[in-house]
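Understanding the architecture of this molecule
For reference, the chains in residue letters:
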Amino acid sequence: MAAEDPRPPSSRPRRTLARRVLLKMAVRLSIVTGLVTGLSYAHMIRSVTQAREQDLAHYIRARGERENELFRLAEDHHGVLRAALLDRLHAMGDEEDLAGEFDRRFAISPDGALRSRPERTDPAKQAQAALDESFPRTPAHMKTVIAAQDTLSAFGRSMIIRFANTWMTTPENAIITYWPAAPRWAQTRRMASKPADHEFFLAAAPAQNPAGKTIWTKSYIEPQGETAMVSGITPIHDGDRFLGVIGHDLPLSDLLQRTQQDHLEGGYNVLLNRSGDLIAHPALTAAIEKAGGSFAVGKADDPTLAAIFRRATAVTEIAAVVESEDGHDYLAVTRLAGPDWLLVAVHPKAELQKPAYASARVVLVAGMAALLLELGLVYLILRKEVKGPLGEILAATRKVAAGNLDVALDAGREDELGALAASFNGMAGAVRERSEAQEKALAERKEAEERIRSLNEELAGSLELERERLRTLERLNRAVEELSTPVLEVWKDVLALPVIGNVDEARAATMTARLLEEVVRTQCRFVLLDITGVDMVDTFTADRLLKVVAAVELLGAQCVLTGVRPNVAQALVGLGIGFGKLRTRRTLKQGLLECIRRAEGA
């Protein structure tokens, strides 16, 4: 414990060395810690937000794969049906009794149309047909209808699991359909409008579809079951002859239900096509149904919906995540390749960033707690290692100055303060011995006047020496107050050596030895050599600093020189001394940031 200061409060120093060092370090550590914590906070928000964006991209990509499955399956079925129909056609010989078989299957109804005979047809197992009265009963055309009915009957039962029906329409206005759910459709269907004139047929026919691709219709409400449907239609050719189109009617109830209900928390889904028709929207279901299954986006009078349509149709990838036009939402967009529809998952940014801000707050609180803990540790270290020993030395010097020579300091420390205490003890002992000798000389004064005069002269010389020692002691006191070169670990792998005051040979040697010991002990990678407190630099001081840098680098660490004042810089230039490749920074803060960046770059 430091000795009590006998001086009155008004004469005591207002700011001690330890306090000055603590305040300077507190300010710099606060700045550095605040900066690093802020960067960590921003990095955490960015990283977590990017991770959530990637999750959203994975979600919409997987969702698109799932919803595309049924459309791809329909197109695969069309390929199977086309191959089976052509095989059946080619297997039928021209010598067969086509007319007889045709009459056994079909009969003329009162409206003149040819329809499947109900008494010879099982709707659960067989496809039915309805033919316009103008149907040409040539062998080739009858053969096509019979082959189509046989093919749809054979394959329709396996496809009805996923699709409402399987059908074929010919250019000669014949419709063949496997549709167990509507067992009397062939007897009740009106043939007033020609099937080959229907827009679905014309869109898939060679005139509008020369590439022969599968065409998907708009969504519509099927009148009989009042169910939302979409139809996939593929043309069939036998060589150069156009036989007609085959198709599936695909119920959309499951897709619409998933679109409205299976959404991310806090968001919603929208299903639309590139023509600007809305197919599914949680708030516009009634309007879509009233419009027959497709509701124009422009009729909704909704700027947000219009903006979603613009952003979604601008996406060219199969799946992508983009921002809304107002920047408030993320739009996860995937393309349903069959009908070329766009499924858009609308998710507010605020919902996506909640976990990011929660995680980042933990980083911020931890950074502030670390700063407070670090300042507390620095204070305790300064109080124990600097303030206490300096207080004892100052108190001892005041006792000696007051004439009390019975003073002894603890010189057991292996640092500058221990060396100073040992030097003080030696000086106090010498003063005490001199005083005792003087007292003995005065006691022998009666022996001889001459000896008394000699002793008086010797005493005068001794007193002058003692005054010189007292003056030296006062200079030591001032030097102790200027002492501010503790070696501190200010960051992981970073030591700081603040140099304050003049650097003589003894102090330079002690400072170098202490710094090298700390470099070896901590295995640090960087040393901040701060000379903010050095007012003047001569050739010797610059040489000692260069030797310190060289010694540190031999131990595998790197030095960064900070705090070079303008007058010191001018002095170094005037002396013609260069620091080679040594990195310099204006402040300790900048030096510490340089070390952190170089450590992270490694």
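Rules of the game
Residues numbered from 1 in each chain as written. Predicted model: local features only at pLDDT ≥ 70, side-chain atom pairs only at ≥ 80, totals over all residues. Heavy atoms only, no water. Phe/Tyr/Trp six-rings, centres within 6.5 Å; stacked < 30°, edge-to-face > 60°. Helix = DSSP H or I, 4+ residues; strand = E, 2+ residues; numbered from the N terminus. Buried < 20%, exposed > 50% of the residue type's maximum accessible area, 1.4 Å probe, protein only. Lys NZ or Arg CZ within 6 Å of the ring centre and 35° of its normal. Pairing = 2+ DSSP bridges. Core = buried A, V, L, I, M, F, W, Y, C linked by side-chain atoms within 4.5 Å. Contact = heavy atoms within 4.5 Å. Patch = residues over 30% accessible without salt bridge, like charges linked within 9 Å, V, L, I, M, F, W, Y side chains within 5 Å. Areas by Shrake-Rupley, 256 points an atom, 1.4 Å probe, with all protein chains shown as cover. Salt bridge = Lys/Arg side-chain N within 4 Å of Asp/Glu carboxyl O. Polar contact = N/O pair within 3.5 Å; in protein donor to acceptor, adjacent residues only side chain to side chain. Axes fitted to C-alpha atoms, helices over the stretch in contact; angles between N-to-C directions. Parallel < 35°, antiparallel > 145°, perpendicular 65-115°, else oblique. Left-handed = near helix turned anticlockwise from the far one by under 90°. 1 Å grid on protein atoms, 1.4 Å probe; cavity = no way out; pocket = protein on both sides within 12 Å on 5 of 7 lines; lining within 4 Å. Points joined across faces, edges and corners; volume = space filled by probe spheres on them. Nonpolar A, V, L, I, M, F, W, Y, C, P; charged D, E, K, R; others polar.

Let us look at the packing of aromatic side chains. Here the structure, examined in full by the defined rule, presents 6 aromatic pairs. Their ring planes at 85 degrees and their centres at 5.1 Å tell us that Phe71 and Trp216 sit as a pair that is edge-to-face. Taken together, the positions of Phe71 in helix α1 (residues 17–91) and Trp216 in strand β6 (residues 215–216) put the pair 145 residues apart, joining distant regions of the chain. Judged by relative accessible area, which is 2%, Phe71 ranks as buried. Looking at Trp216, the relative accessible area reads 11%, which means it is buried. Here the aromatic rings of Phe200 and Tyr220 are separated by 5.8 Å at their centres, their planes lie at 45 degrees, and the arrangement is tilted. Taken together, the residues Phe200 in helix α5 (residues 199–204) and Tyr220 in strand β7 (residues 220–222) connect sequence positions 20 residues apart. Judged by its relative accessible area of 23%, Phe200 is partly exposed. The cationic tip of Lys349 hangs over the ring face of Tyr330; the distance from NZ or CZ to the ring centre is 5.3 Å.

Attention now goes to the sheet that holds strand β15 (residues 341–348). Pairing in this open sheet of 6 strands is antiparallel, and the strands run β12-β11-β10-β15-β14-β13 from one edge to the other. Each edge of the open sheet carries a strand with a single partner, namely β12 (295–296) and β13 (319–323). Relative to β15, strand β10 (residues 268–273) is paired through 6 bridges, and the arrangement is antiparallel. The residue of β15 that forms the bridge with Asn273 is Trp341.

With that settled, the discussion passes to the pairing of strand β4 (residues 165–169). Strand residues, when the strand is regular, have side chains that alternate between the two faces of the sheet. With 5 of 5 residues buried, β4 lies mostly within the body of the structure. Alternating positions in β4 separate into two faces, Asn165, Trp167 and Thr169 on one and Thr166 and Met168 on the other, with burial throughout. For β4 and strand β5 (residues 174–178), the ladder comprises 4 bridges, and the chain directions are antiparallel. Residue pairing for β5: Thr166 is matched across the bridge by Tyr178. What sits between β4 and β5 in their antiparallel hairpin is a turn of 4 residues, with Asn173 showing a positive phi close to 65 degrees.

Let us look at the nonpolar core. Counting 43 residues, the largest nonpolar core has Phe71, Phe102, Leu131, Val145, Ile176, Leu271 and Trp341 as the members making the most contacts within it. Take this core: its biggest share by element is 7 residues, from helix α3 (residues 139–159). Non-local contacts of Val145, meaning those with residues more than four positions away in its chain, are made with Phe102, Phe106, Leu131, Phe135, Ala174 and Ile176. One finds Leu497, Val534, Leu545 and Val568 within the second-largest nonpolar core, a separate group that totals 26 residues.

This paragraph deals with unusual backbone geometry. We note that Asp493 has phi near 70 degrees; this positive angle belongs to a residue other than glycine. Position of Asp493 among the secondary structure elements: in the loop between β16 (488–491) and β17 (494–500). A relative accessible area of 25% places Asp493 in the partly exposed class. Although it is not a glycine, Gln523 adopts a positive phi angle of roughly 55 degrees. As for its position among the elements, Gln523 is in the loop between α12 (505–522) and β18 (526–533). Residue class for Gln523 comes out exposed when judged on its relative accessible area of 56%.

On the surface, Leu373, Leu377, Tyr379, Leu380 and Ile381 cluster together to form a nonpolar patch covering roughly 480 Å² of accessible area. Here Leu377 lies in helix α9 (residues 349–401). Take Leu377: its relative accessible area is 45%, and that puts it in the partly exposed class.

On to the pairing of β13, then. Both β13 and strand β14 (residues 329–336) contribute to a ladder of 5 bridges, which runs antiparallel. Its bridge partner lying in β14, Val322 is registered against Leu331. Remark: 5 residues form the turn of the hairpin made by β13 and β14, two consecutive strands paired antiparallel; Gly327 in that turn has positive phi of roughly 75 degrees.

Position of Ser134 relative to the elements: it lies in the loop between β3 (128–131) and α3. Overall, Ser134 belongs to the partly exposed group, its relative accessible area being 42%. Separated by 21 residues in the primary sequence, Ser134 and Ala113 place their C-alpha atoms 8.1 Å from one another. Contact partners of Ser134, with chain neighbours within four places excluded, come to Asn173 and Lys194. There is a polar contact of 2.5 Å between the side chain of Ser134 and the side chain of Asp132.

Here helix α2 (residues 98–105) crosses α3 at 50 degrees, and the two axes come no closer than 10 Å. With respect to α3, the axis of α2 lies oblique. You can see that α2 and α3 cross each other, and the crossing is left-handed. Contacts between α2 and α3 involve Leu98, Ala99, Glu101, Phe102 and Arg105 from the former and Pro139, Met142, Lys143, Val145, Ile146, Gln149 and Asp150 from the latter.

Empty space within the largest pocket amounts to approximately 810 Å³. If you go around the largest pocket, you meet 24 residues; those closest to its centre are Ile175, Trp179, Arg189, His198 and Asp249. Those elements giving two or more residues to the lining of the largest pocket turn out to be β4, β5, α4 (185–188), α5, β7 and β9 (241–251). Of the residues in the lining of the largest pocket, the class split is 11 nonpolar, 8 polar and 5 charged.

Examined against the element boundaries, His141 turns out to sit in helix α3. The class for His141 is buried, based on a relative accessible area of 18%. There is a polar contact of 3.5 Å between the side chain of His141 and the side chain of Glu172. Those residues within four positions of His141 in sequence are excluded, and the remaining contacts are Phe135, Pro136, Glu172 and Arg241.

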